[in-house]
Amino acid sequence: MNLALMMILGFDLLRSPNRAIEQGNTKLKGGQAEEALKDYDRAVQVLPAEPGAHFNRGNALHALGRYDEATREFLKATEAKSTAMRAGAFYNLGNSFFKGDKYEDAVAAYKRALTFDPGDTRAKWNLELALKKKKEQEEKEKQQQDQKDQPKDDKKPDQQPDKKQQQDQKQDQKQDQQQNDKQPQPQPQPQPQPQPGEQPRPEKTDLKEIEAILDSLERSPKDLEQARARLRAVRRAPPVKDW
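Predicted model, so just to flag it, every value in this text is computed and none were measured. (Residues numbered from 1 in each chain as written. Predicted model: local features only at pLDDT ≥ 70, side-chain atom pairs only at ≥ 80, totals over all residues. Heavy atoms only, no water.)

Student: Just to check I follow, could you spell out the overall build of the chain for this structure?
Tutor: Within the chain one finds ten helices and zero strands. Moving toward the C terminus, one meets the helices and strands of the chain in the order α-α-α-α-α-α-α-α-α-α. A burial count over the chain gives 28% of its 243 residues as buried. Considering only residue pairs separated by 6 or more positions, the chain has 53% of its internal contacts joining residues 24 or more positions apart. With the model as given, the accessible surface of the chain reaches about 18100 Å², and the carbon-plus-sulfur share is 50%. (Helix = DSSP H or I, 4+ residues; strand = E, 2+ residues; numbered from the N terminus. Buried < 20%, exposed > 50% of the residue type's maximum accessible area, 1.4 Å probe, protein only. Contact = heavy atoms within 4.5 Å. Areas by Shrake-Rupley, 256 points an atom, 1.4 Å probe, with all protein chains shown as cover.)

As structure tokens, this is what we get:
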């Protein structure tokens, strides 16, 4: 289902002959749209308020694929007093909207063309095609919007807190370990060492033994000598650690 051909001839659209328009029409029919546009530009400069000049200039712009510029020219042409020109301007306007993928605007333009020429089969054909394209465009935009609204993360919502909680626990454990590393560790108590020249501390002498020695001093020299021997033996014995 293809778009109907555009109306491109406009010899009878001017109130008076214009050489630039005539040359432009000849070139446009021969496929020289760029050269025809130059002729139409000269005509528009001479006749800026002439709807027919804008109509033909719109045709050249449409042939060059400059659809937005063409629609502006056809809109100016719709101000014509001639019903036939207005119908043709709206029809061509619809074609430019259609080529620019503006299907909703194209539908409106074809409907206006049919109000001026209800029997225009080309306008009816293009209107049906524009309605179909408009529906397809709306469905495509709806699908794109639905895809945009879908969440990007397919994970279940209740899985996210568990993962975060595990991360928090690992962080807390790391901080506790760092805190423990900073705390001073208990040091072993140094054992007292004897100073140079210091004699090992003798074992504590029992109080009863001392009293016995004192008693022996009063009894006899023999007993005194035995007591001294015992004391010397005690002093030579290795000291017993009391810590």
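Student: Is there a simple way to think about the nonpolar core in this case?
Tutor: If you look at soluble globular proteins, the nonpolar side chains tend to sit buried side by side. If you look at the biggest cluster of nonpolar residues, it comprises 33 residues, and the most contacted ones within it are Leu 28, Tyr 40, Leu 93, Phe 98, Ala 106, Tyr 110 and Ala 130. Secondary-structure elements contributing two or more residues to this core are α1 (19-29), α2 (33-46), α3 (51-63), α4 (67-77), α5 (83-99), α6 (103-116) and α7 (121-149). The dominant element in this core, judged by the number of residues it contributes, is α6, at seven residues. (Core = buried A, V, L, I, M, F, W, Y, C linked by side-chain atoms within 4.5 Å.)

Student: Which parts of the structure should I look at to understand the packing of aromatic side chains?
Tutor: Counting across every chain of the model gives four aromatic pairs. When the ring of Phe 55 is compared with that of Phe 74, the centres are 5.9 Å apart and the planes differ by 70°; the resulting orientation is edge-to-face. Highlighted residues: Phe 55 in helix α3 and Phe 74 in helix α4, separated in sequence by 19 residues. The burial state of Phe 55 is the same as that of Phe 74; both residues are buried. Ring centres 5.2 Å apart and planes at 75° place the aromatic pair Phe 98 and Tyr 103 in the edge-to-face group. In this structure Phe 98 comes out as buried when scored by relative accessible area, which is 10%. (Phe/Tyr/Trp six-rings, centres within 6.5 Å; stacked < 30°, edge-to-face > 60°.)

Student: Looking at this structure, how should I read α4?
Tutor: Along an α-helix, residues three or four positions apart point the same way, because every turn accommodates 3.6 residues. Considered for burial, the residues of α4 that qualify are Ala 70, Thr 71, Glu 73, Phe 74 and Ala 77. All buried residues of α4 lie within an arc of 165° about the axis, which places them on one face of the element. Here the buried face of α4 lies against α3 and α5. (Arc of directions from axis to C-beta.)

Student: I'm lost on α7 in this one. Help?
Tutor: Along its 29 residues, α7 runs 42 Å from first to last C-alpha, staying within 8% of the 42 Å computed at 1.5 Å per residue. Among the residues making up α7, those that are buried are Ala 123, Asn 126, Leu 127, Leu 129 and Ala 130. Buried residues belonging to α7 abut α5 and α6. (Expected span 1.5 Å × (residues − 1).)

Student: It is not clear to me how the pattern of salt bridges should be interpreted in this structure. Could you clarify?
Tutor: Side-chain pairs of opposite charge can arise whenever the charged atoms involved come near each other. Within this structure, the stated rule accounts for ten salt bridges. Between Asp 120 and Arg 122 there is a salt bridge; the shortest N-O distance is 3.6 Å. Judged by its relative accessible area of 34%, Arg 122 is partly exposed. The network of salt bridges with common partners includes Lys 27, Asp 39 and Arg 42. (Salt bridge = Lys/Arg side-chain N within 4 Å of Asp/Glu carboxyl O.)

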